[in-house]
Amino acid sequence: MALEKGIDKLVQEFIAAGRPSSRKQSIDDRRSGYVASTALAGETETRVQVVTLVLEDMTFRVFSPFNAPETLSCALYYHGGCFVSGGFETHDNQLRQLAFYGNCLVIAVQYRLAPENTFPAAHDDAERAADLVWQNAEQLGVDKNRITLCGDSAGGHLALVTSLRLKAKGLWDPAQLILIYPMLDATASFESYTLNGMDYVITRDTLLSGYEMYLAGADRQHPEVSPLWRNDFSGLPKVHIVTAEYDPLRDEGEALYQRLTEQGVKCTAQRWRGVIHGFFQLGGISQSARDVTRDIAWRINHAGRECKGDYSSSFPPSSYAPYGFAGRTI
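Worth saying up front: this structure is predicted, and the values here are computed from it rather than measured.

This part covers the pattern of salt bridges. Pairs can form between side chains of opposite charge once their charged atoms are near each other. Counted by the stated rule, this structure contains 19 salt bridges. Notably, a salt bridge pairs Asp 199 with Arg 19, separated by 2.5 Å at the nearest N-O pair. In this pair, Asp 199 sits in the loop between helix 7 (192-195) and helix 8 (204-215) while Arg 19 sits in the loop between helix 1 (5-16) and helix 2 (27-36), placing the two residues 180 residues apart along the sequence. In this structure Arg 19 comes out as partly exposed when scored by relative accessible area, which is 35%. For Asp 251, the salt bridge goes to Arg 250, with nearest N and O atoms at 2.9 Å. Taking the relative accessible area as the measure of exposure, Arg 250 reaches 11% and is therefore buried. Three or more residues are tied together by salt bridges with common partners; here these are Asp 124, Glu 127, Asp 131, Arg 165, Lys 169 and Glu 224.

Here it is as structure tokens:
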């Protein structure tokens, strides 16, 4: 399938500019460039309340619908940025929309970034953040039985590893995971790294240079560095995986579906066609971005509920349109 019109324009501009490499940027320029890209996120959703709070020296940003009931389903959200960039500012509009369309709480986590902080700093922060939200659920208005761990790219990686750590501790488990084009294999061994690695804005160089700064020499096959290859997924909550057709990470996201299913985890996955890595944040130029946001919001709202309209566990799942849009499936 061809690229969506707005995304195709973005890709052609990237190619015309000589495919600028993140590897050649300073970390400050890389971070400021990510912030500047929020101009593509679309009109800011204002029908929500946004509060920044600190729990035991960790900073969170809480997005909630107006006139919310006392307790709501909650998405604990880990932002993307290849472990080196991103934060509240880069994901503001998407998280506002998830809270509004999902009638849910979205709690964003500010974890430590590389190169200032290297592996496993972000992983440790992600786990601690989950435990803090759990421990303070009543104060936050969170329904403990309806917590989703959600994240994009590096954040999807952190959501998965956090759930594995929680499972190992045995104190509590989230209701589900939603992994948006997660980074899963630091060895970059899949074909999509080659097929989609040069032209589609978020390149092989972008992803691998992020790994290099964060891992700082750690083993690329460590089970928390490349969690795709683990054999201890059994017992995880249900998982939904979003992949993008023109993403270097496409194949590893879809391989995770296969591995989870083989290990007995209830899992669904959708490949969104005509889009690139990062499309979730391109709501101003991409219909798919707007659609996937509402799709994810619906899933967060329904966390912990078994209902007639829930998604099939088959792969690819049948298209489902909770808000009247056509979800693209593999």
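This brings us to the packing of helix 4 (residues 121-135) against helix 6 (residues 154-169). At a minimum axis distance of 9 Å, the contact between helix 4 and helix 6 shows a crossing angle of 65°. Seen from above, helix 4 lies across helix 6 with right-handed handedness. Residue-level inspection shows Ala 122, His 123, Asp 124, Ala 126, Glu 127, Ala 130 and Asp 131 of helix 4 in contact with helix 6, the latter providing His 157, Leu 158, Val 161, Thr 162, Arg 165, Leu 166 and Lys 169.

Let us now look at the packing of helix 3 (residues 88-102) against helix 10 (residues 287-301). Here helix 3 crosses helix 10 at 55°, and the two axes come no closer than 8 Å. Here helix 3 lies oblique to helix 10, going by the angle between them. As helix 3 packs across helix 10, the resulting crossing turns out to be right-handed. Where helix 3 abuts helix 10, its residues Gln 94, Gln 97, Leu 98, Tyr 101 and Gly 102 lie against Thr 293, Arg 294, Ile 296, Ala 297, Ile 300 and Asn 301.

What counts and how
- Residues take numbers from 1 onward in each chain, read along the sequence in its written order.
- Local features in this predicted model are restricted to residues whose pLDDT is 70 or higher, and side-chain atom pairs enter the listing and the counts only when it is 80 or higher, whereas totals over whole chains, interfaces and linings include all residues.
- In computing side-chain values, all of the structure's heavy atoms are included and hydrogens and water are not.
- The term salt bridge refers to a pairing of a side-chain nitrogen on Lys or Arg with a carboxyl oxygen on Asp or Glu at a separation within 4 Å.
- A run of H or I in DSSP counts as a helix once it spans at least four residues, and a run of E counts as a strand once it spans at least two, with each numbered from the N terminus.
- Here's how the labels work: a residue is buried when its accessible area is under 20% of the maximum for its type, exposed when over 50%, partly exposed in between, all with a 1.4 Å probe on protein chains only.
- Where helices are involved, their axes are fitted lines through C-alpha atoms of the stretch in contact, as for all axes, and angles between N-to-C directions lie from 0 to 180°.
- The crossing is said to be left-handed when, going from far helix to near helix, the turn is anticlockwise and less than a right angle, and right-handed when the turn is clockwise.
- Only heavy atoms matter for contacts: two residues are in contact if any of them lie within 4.5 Å across the pair.
- For classification purposes, angles smaller than 35 degrees are called roughly parallel, those larger than 145 roughly antiparallel, those between 65 and 115 roughly perpendicular, and all remaining angles oblique.

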